[in-house]
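Summary of the model geometry
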Amino acid sequence: MTPVTGRTEQPLAGLEIEDLRVTFDGFAAVDGVGLRVGPGDLRFLIGPNGAGKTTLVDAVSGLAPATGSVRFGGRELLGRPVHRIVRLGIGRTFQTATVFENLSVLQNLDIAAGSRRRPHTLLRQRRGVPEEVEQALETIKLTAHRDRAAGSLAHGQKQWLEIGMLLVQNVRLLLLDEPVAGMSHEEREATGQLLRTVGEDRTVVVIEHDMDFMRSFATSVTVLHAGRVLSEGTVAEVRADPRVQEVYLGHAVGEEA
Ligand code: ADP
Ligand code: MG
């Protein structure tokens, strides 16, 4: 049976980035990046610290002023305010989870869902759990924990809740900044499966350092270095690229240091 991952009335769309530049006081953190992520792709974005990965995601989500072009489903995102970008179906997570710790799992999801619901719908549905919230709870495997305070969740569960908060907003492009950092092996595996599930009807970009995780779950990889694309391709292609091995301090990507 196909897992229920949320609302699917909108078609898959791809991300097309051209000549993207972000500068901080003359320093080019993102220095002319071109990148295409196909509709439904599960793309990993890797690279050393300071490569510009987070800044690139900031630019796509409207949080960093940038030049060039970022199109999703053919629509230009650059120049739009953050809330308009969100409304076009772009959702991102941060390196540290940003859930409301004192509210329950359900309340967190309800608030996130409410941001795209009309006030009368909020009132009408207050007694029951809205369908998209129910579905998200299933997908992120937190149904049994729905009444717990988000602050009491395990580290991994908080990250899944944050992803759930994007699912109920009907995101079509998920940008996840180091979602498995600090997770146990089991949590990583569960997160990888979650990304596969949500990636079935969405486009997903994952910033990640963990090479084992990348090998298991990436469908394609882009390597950033010093604000530029160093290499791109399948996991095997990128690992075999000598330039990539060089920036990873002479170790073949994925080999134990
Ligand atoms: P990554 O996520 O790949 O580790 P970042 O995108 O966070 O890298 O940072 C890329 C570069 O831009 C780094 O040199 C960082 O110090 C710099 N940088 C990031 N954000 C800012 C900022 N707000 N002001 C100045 N420099 C920044
Ligand atoms: Mg970063």
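Structure's up top.
Here goes a summary of the coordinates provided.

**Re the nonpolar core**
Residues F44, L109, L161 and V221 are the most contacted members of the largest nonpolar core, which totals 45 residues. The leading source of residues in this core is helix α6 (residues 155–167), at six residues. Every residue in contact with L161, bar those within four places of it in the chain, is listed here: V99, V105, N108, L109, I140, L142, A150 and L153. By size, the runner-up hydrophobic cluster in this structure holds 28 residues, among which are I17, V22, V57 and F72.

**Some remarks on the layout of surface pockets**
Rolled over the atoms, a probe sized like a water molecule indicates the empty space that remains. Size it by volume and the largest pocket reaches roughly 380 Å³. Broken down by secondary-structure element, the contributors of at least two residues to the lining of the largest pocket are α2 (82–87), β6 (90–92), α3 (105–114) and α6. Of the residues assigned to the lining of the largest pocket, the class counts are eleven nonpolar, four polar and two charged.

**Focus: the packing of α3 against helix α5 (residues 131–139)**
The geometry of a pair of packed helices is captured by two quantities: the angle between their axes and the separation between those axes. Interhelical geometry of α3 versus α5 gives an angle of 130 degrees and a closest axis separation of 10 Å. Between α3 and α5, the angle is such that the two are oblique. Considering only the axes of α3 and α5, their crossing is right-handed. In this structure, α3 uses V105, L106, L109, D110 and A113 to contact α5, whose residues at the interface are E132, V133 and L137. Residue composition of the contact of α3 with α5, by class: six nonpolar, no polar and two charged.

**Quick look at the pattern of salt bridges**
Counted under the stated rule, the structure contains 15 salt bridges. The closest approach of N and O atoms between E18 and R71, which form a salt bridge, is 2.7 Å. One end of the pair, E18, is in strand β1 (residues 15–24); the other, R71, is in strand β4 (residues 67–72), with 53 residues separating them in the sequence. Classification of R71 by relative accessible area gives partly exposed; the value is 23%. The shortest N-O distance in the salt bridge between R21 and D19 comes to 2.9 Å. When its relative accessible area of 41% is taken as the criterion, D19 is described as partly exposed.

About the criteria used
- Residues numbered from 1 in each chain as written.
- Chains lettered and ligands numbered in written order.
- Predicted model: local features only at pLDDT ≥ 70, side-chain atom pairs only at ≥ 80, totals over all residues.
- Heavy atoms only, no water.
- Core = buried A, V, L, I, M, F, W, Y, C linked by side-chain atoms within 4.5 Å.
- Buried < 20%, exposed > 50% of the residue type's maximum accessible area, 1.4 Å probe, protein only.
- Helix = DSSP H or I, 4+ residues; strand = E, 2+ residues; numbered from the N terminus.
- Contact = heavy atoms within 4.5 Å.
- 1 Å grid on protein atoms, 1.4 Å probe; cavity = no way out; pocket = protein on both sides within 12 Å on 5 of 7 lines; lining within 4 Å.
- Points joined across faces, edges and corners; volume = space filled by probe spheres on them.
- Nonpolar A, V, L, I, M, F, W, Y, C, P; charged D, E, K, R; others polar.
- Axes fitted to C-alpha atoms, helices over the stretch in contact; angles between N-to-C directions.
- Parallel < 35°, antiparallel > 145°, perpendicular 65-115°, else oblique.
- Left-handed = near helix turned anticlockwise from the far one by under 90°.
- Salt bridge = Lys/Arg side-chain N within 4 Å of Asp/Glu carboxyl O.

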